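So the chains spell out like this:
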Amino acid sequence: MPSETVQFDDLRQIFTAGDATTEDLVADMSVPLSLTFQLTRSCNFKCVYCSEPPGIRSRTLEEMLEMVDKLAGMQRIIFSGGEPMAYKHFWRVLEHAQGKFSRIVLSTNASFISRDAAARLRDLVHYVDITVDGPRRQHNVIRGNYDKVIRGLSRVAEEGIPLSVICVYMGKNKKVINYIAHTGDIFGAKKVKILTTIPKGYSKNLFEDFTTGEELEELYAYLQEERERNGWTPRITIADWMKIGQGHAILVEPDGRAIASPVWTAADCLEPFADLHNESVEDLWRNFPYKENHMNKYLERTMIVVD
Ligand code: SF4
């Protein structure tokens, strides 16, 4: 099992596997390394590029808990949405997940993180992913609620919960990325994750081409220089989908459907391949078509890393 070979490095927020080849790791696996579980597709935000918009109903609480039980033993589960903290049974599911995974992660817009919520999260998650889209004006055009997001971010930081800051590179917005890296540094983020757009959900109306190649190499060189010049501490990763390849992420939607994402050769950039409500996690993994891309991505073997 990869759990013996693959470890999670909390300081760098990365899975490591020494010299083991991806092929050998995959051959030994019977369940995914990491999976994103969408608790709800409802959200109190309306981001212009949202790739996971409303429209899918969550199963009953009992069914959601059963699905979490099926996933038990996996190295990492990421609770997301929609906005996971908007899900009415959020705390119940999070408490139920305790002890079942090596790492429990919350991917949130941060707007529901009150001081009490942050204190509660401290004992229930290993780290939190929060997206910031830029300085106030830029962020508010794309996502809105800048103050709420920064407030939530600072509460997570104050509680000492490890965090990553995520942003989306939309082409030529290097200065915005610079601001995000500063933000990550100020709040003590372990990692700043720069995603590039994918034509999925609302994004498919906004972007036609993938950002790749020379443009991302330039961004890498720029951030490498800026990281040294400014003394930023977070690691910075850049996702070039053309290097990562298709379908690395496994998303379980709130109704149990498992999809591989992003798959740009498929309709809506997603490929359904299993149903966790009716199948086991072993069946899900067996039917997952992108195992090597999955492992390479989470071991950062196909990521651009500013370190
Ligand atoms: S991107 Fe996230 S925060 Fe924004 S609308 Fe979509 S689910 Fe909500």
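Everything numeric in this text was worked out from a predicted model, so none of it was measured.

(A) The arrangement of the nonpolar core in detail. Ranked by internal contacts, the top residues of the largest apolar core, which has 91 residues, are Phe-37, Leu-71, Phe-79, Leu-121, Ile-194, Leu-223 and Leu-284. Here this core takes six residues from helix α3 (residues 61-71), the largest share from any one element. If sequence neighbours within four positions are ignored, Leu-121 has contacts with Met-85, Phe-90, Trp-91, Leu-94, Leu-106, Ile-113 and Ile-161. In terms of nonpolar packing, the next biggest core, distinct from the first, is built from five residues, Ile-198, Trp-241, Ile-244 and Met-303 among them.

(B) Representation of the packing of helix α4 (residues 90-97) against helix α5 (residues 115-122). Running from N to C, α4 and α5 cross one another at 15°; their axes reach a closest spacing of 12 Å. Looking at the two axes, α4 sits roughly parallel to α5. When the axes of α4 and α5 are compared, the crossing they make is left-handed. Contacts from Phe-90, Trp-91, Leu-94 and Glu-95 of α4 reach α5 at Ala-117, Arg-120 and Leu-121. Here the contact of α4 with α5 is composed, by residue class, of five nonpolar, no polar and two charged.

(C) Spotlight on unusual backbone geometry. Looking along the chain, the bond that leaves Gly-81 and enters Gly-82 is cis, with omega of 20°. Mapped onto the secondary structure, Gly-82 falls in the loop between β4 (76-80) and α4. The omega torsion of the bond from Ser-261 to Pro-262 falls at -10°, within 30 degrees of zero and hence cis. Although it is not a glycine, Asp-268 sits at a positive phi angle of roughly 60°. Mapped onto the elements of the fold, Asp-268 is located in the loop between β11 (257-261) and β12 (271-275). What makes Asp-268 partly exposed here is its relative accessible area of 43%.

Calculation notes
- Residues numbered from 1 in each chain as written.
- Predicted model: local features only at pLDDT ≥ 70, side-chain atom pairs only at ≥ 80, totals over all residues.
- Heavy atoms only, no water.
- Core = buried A, V, L, I, M, F, W, Y, C linked by side-chain atoms within 4.5 Å.
- Buried < 20%, exposed > 50% of the residue type's maximum accessible area, 1.4 Å probe, protein only.
- Helix = DSSP H or I, 4+ residues; strand = E, 2+ residues; numbered from the N terminus.
- Contact = heavy atoms within 4.5 Å.
- Axes fitted to C-alpha atoms, helices over the stretch in contact; angles between N-to-C directions.
- Parallel < 35°, antiparallel > 145°, perpendicular 65-115°, else oblique.
- Left-handed = near helix turned anticlockwise from the far one by under 90°.
- Nonpolar A, V, L, I, M, F, W, Y, C, P; charged D, E, K, R; others polar.

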